[in-house]
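Inside the fold
Here is what each chain is made of, one letter per residue.
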Amino acid sequence: MPTTPVSWTAASARRMDRQGLLTPAATAATAATSPADIAGRMLGAHAQVASAAELSIALRLDGATRTDVRDALAGGHGRGRRGPGTLVKTFGPRGTIHLLPAQDLPWWTGALSALPARRSPFRPEAGMTAAQTDEVIAAIGDALTGVELTVDELTEAIVARTGSWAADPVMPAFQTMWPRWRQATHTAAHHGVLAFGRDRGRKVTYTNPGCTPAPPTRSLHELADRYLRAYGPATARDFAAWLAAPDGWAVEFFASLARKALIEEVAFASGRAWLAAGDTVFPDEAARGLRLLPYFDAYVVACRPRELLFPGSAAARALAGGQAGNHPVLLVDGVVAGVWHQRRTGRRTALTVEPVGRLSAAQRRALDEQVERTGAMLEATAELTLGKVTVGPHA
């Protein structure tokens, strides 16, 4: 049985500190100083909404703006810049679009490609065999080497290398049907042969990042260690939920880490959870401060238990069917205390903030500062309205 107790207050304070949510990174003597470093500490920035990923990273880096994040992603494509980007836009944990540090891509792909395959949601006649999947992944890697292709261009290139079956319109998606090969998009990314390229107008492009996945066992150990250092204490099922991996696999994986003395057990949140071995120092003081976190910010997605992160009425207001991240949230002293929304018009952005409780005078001043900072990160003039957020989740 675990003997070391860890309180929610201590865990929350350490998570926020390591996330750069207590003190933005550039103001701390030993902290990271680049968007890629921040993305590494977060274990990726969810980028399904591009502006949200930019905010997630910029708010953790003192003085940063969305342009700093875009430049880190653009690399050699940015104006006046040379060399590859330090951030890569690709499919990360849960198969969702993330910004990941380019230097971490080998172990990320090594770990993600080693996760148990999820059951296909498609009918047998619409699916792909293992051999077909391998054939498509090889075709994607070959077709994207040294170029950036739109989906239509990539479809043509894959068909030329595999056969017409790869383009069969069998995948229901957004009131249309996608070609069969797109079932392997995430898998190809996790094998290191597909990432996002530069947008071509309104069209997305893909390219081959030229990544060779690191060995799977070492990569999974790296992922678990970094996850626990960023978001621990955590259970195996917390880890599984964060990755969208099977619970049973995660429980056995954590048991294997414990047998190797790579993780250690503690008492946490009326149960048992795990930390990286030796990483047992926690702050004495509680987290203090107010932050505006965007859609699917890593802190609200990864931190658990949800009932402590979203206390009382915050859960009803800020969770969508139990899922975190569908609403941008107001974070006060490490817990969710409301929701917010921003609507941009030209160089101005209107922020509506809806607290679930009353803000103190000090918190109101802190909110004004955060609104001004959010406007600066978005390179716009921000205006605050305190009131009801009328849009739905993920609006």
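Residues numbered from 1 in each chain as written. Predicted model: local features only at pLDDT ≥ 70, side-chain atom pairs only at ≥ 80, totals over all residues. Heavy atoms only, no water.

Here we come to the overall build of the protein. When helices and strands are tallied, the protein shows 15 helices and 16 strands. At 22 Å, the protein has a C-alpha radius of gyration in line with the 21 Å of a compact globule built from 395 residues. Along the three orthogonal principal directions, the C-alpha set of the protein runs to about 65 × 55 × 40 Å. In the protein, the 43 positive side-chain charges and the 36 negative ones have mean positions that sit 3 Å from each other. (Helix = DSSP H or I, 4+ residues; strand = E, 2+ residues; numbered from the N terminus. Rg over C-alpha atoms; globule rule 2.2 N^0.38 Å. Lys, Arg positive; Asp, Glu negative; His and termini not counted. Charge placed at Lys NZ, Arg CZ, Asp CG, Glu CD.)

Taking strand neighbours across the sheet as the criterion, the three strands line up as 2-4-3 in an open arrangement whose pairing is antiparallel. Each edge of the open sheet carries a strand with a single partner, namely strand 2 (45-46) and strand 3 (87-91). Bridging between strand 3 and strand 4 (residues 97-101) involves five bridges; their strand directions are antiparallel. By the bridge assignment, Leu87 is partnered in strand 4 with Pro101. (Pairing = 2+ DSSP bridges.)

It helps to recall that an α-helix has 3.6 residues per turn; residues three or four apart then point in one direction. Along helix 2 (residues 35-42), six of the eight residues are buried, which leaves the element largely enclosed by surrounding structure. Listed in full, the buried residues belonging to helix 2 are Pro35, Ala36, Ile38, Ala39, Gly40 and Met42. Among the residues trailing helix 2, Leu43 stands out with phi positive, at a value near 65°. (Buried < 20%, exposed > 50% of the residue type's maximum accessible area, 1.4 Å probe, protein only.)

What follows concerns the sheet that holds strand 10 (residues 263-268). Taken in spatial order, the three strands line up as 1-10-11 in an open sheet, and their pairing is mixed. The sheet terminates laterally at strand 1 (5-6) and strand 11 (271-276), the two strands that pair on one side only. The strands that helix 9 (residues 216-231) touches are strand 10 and strand 11; relative to strand 11, the one it contacts most, it runs at about 115°. (Contact = heavy atoms within 4.5 Å. Axes fitted to C-alpha atoms, helices over the stretch in contact; angles between N-to-C directions.)

Further remarks concern the packing of aromatic side chains. How two aromatic rings sit relative to each other is set out by the distance from centre to centre and by the angle between their planes. Taken as a whole and assessed by the stated rule, the structure comprises 13 aromatic pairs. Between Tyr227 and Tyr231, the aromatic rings sit 6.0 Å apart at their centres with planes inclined by 50°, giving tilted as the arrangement. Note that Tyr227 and Tyr231 are positioned in helix 9 at a spacing of four residues, about one turn of the helix. Taken as a pair, Tyr227 and Tyr231 share a single burial class, namely buried. Connected via pairs of aromatic rings, a cluster forms that spans Trp107, Trp108, Tyr227, Tyr231, Phe239, Trp242, Trp249, Phe253 and Phe254. The ring centre of Phe282 lies 4.0 Å from the NZ or CZ of Arg14, which sits over that ring. (Phe/Tyr/Trp six-rings, centres within 6.5 Å; stacked < 30°, edge-to-face > 60°. Lys NZ or Arg CZ within 6 Å of the ring centre and 35° of its normal.)

Moving on: the packing of helix 6 (residues 130-144) against helix 7 (residues 151-161). At their nearest, the axes of helix 6 and helix 7 sit 9 Å apart, and the two run at 120° to each other. Considering their axes alone, helix 6 and helix 7 lie oblique with respect to each other. Judged by the twist between their axes, the crossing of helix 6 over helix 7 is right-handed. Each of Glu135, Ala139, Ile140, Asp142, Ala143 and Leu144 in helix 6 lies in contact with helix 7, whose residues at this interface are Leu154, Ala157, Ile158 and Arg161. For the contact of helix 6 with helix 7, a count of residues per class yields seven nonpolar, no polar and three charged. (Parallel < 35°, antiparallel > 145°, perpendicular 65-115°, else oblique. Left-handed = near helix turned anticlockwise from the far one by under 90°. Nonpolar A, V, L, I, M, F, W, Y, C, P; charged D, E, K, R; others polar.)

Examined bridge by bridge, strand 10 and strand 11 share six bridges and lie antiparallel to one another. Paired with Ile263 across the two strands is Ala276, which belongs to strand 11. Turn length for the strand 10-strand 11 hairpin, with the two strands adjacent in sequence and antiparallel, is two residues, and the turn residue Ala269 shows positive phi of about 55°.

Quick look at helix 4 (residues 66-74) now. Of all the residues in helix 4, the buried ones are Arg66, Val69 and Ala72. Each buried residue of helix 4 lies within a common arc of 125° when the element is viewed along its axis, so the set occupies one face. Residues of helix 4 that are buried sit in contact with helix 2, helix 3 (50-58), strand 3, strand 4, strand 14 (335-345) and helix 15 (361-377). Positive phi appears at Gly75, one or two residues downstream of helix 4, with a value of about 55°. (Arc of directions from axis to C-beta.)

Moving on: the confidence of the model for the protein. Residues of the protein with pLDDT of at least 70 account for 95%, and the chain-wide mean is 92. With pLDDT under 50 throughout, residues 27-32 is counted as low confidence; its partners more than four residues away or in other chains account for nine contacts. (pLDDT = per-residue confidence, 0-100.)

For the rest of this paragraph, the subject is the packing of helix 5 (residues 105-112) against helix 9. Relative to each other, helix 5 and helix 9 sit at 105°, their axes nearing to 7 Å. Relative to helix 9, helix 5 is oriented roughly perpendicular. Judged by residue contacts, Pro106, Trp107, Trp108, Gly110 and Ala111 of helix 5 engage Pro216, Ser219, Leu220, Glu222, Leu223 and Arg226 from helix 9. Partitioned by chemical class, the residues of the contact of helix 5 with helix 9 number seven nonpolar, two polar and two charged.

Once that is clear, we can look at unusual backbone geometry. The peptide bond linking Gly232 to Pro233 adopts the cis configuration, its omega dihedral lying at 0°. Relative to the elements of secondary structure, Pro233 occurs in the loop between helix 9 and helix 10 (236-243). Following Arg304, the chain continues to Pro305 via a peptide bond in cis, the omega torsion being 10°. One can find Pro305 in the loop between helix 12 (298-302) and helix 13 (306-309). Here the phi dihedral of Arg94 falls at roughly 65°; this positive angle occurs in a residue that is not glycine. Of note, Arg94 is situated in the loop between strand 3 and strand 4. Since its relative accessible area comes to 21%, Arg94 is described here as partly exposed. The phi torsion at Phe296 lies on the positive side, around 50°, for a residue other than glycine. Among the secondary structure elements, Phe296 is positioned in the loop between strand 12 (290-293) and helix 12.

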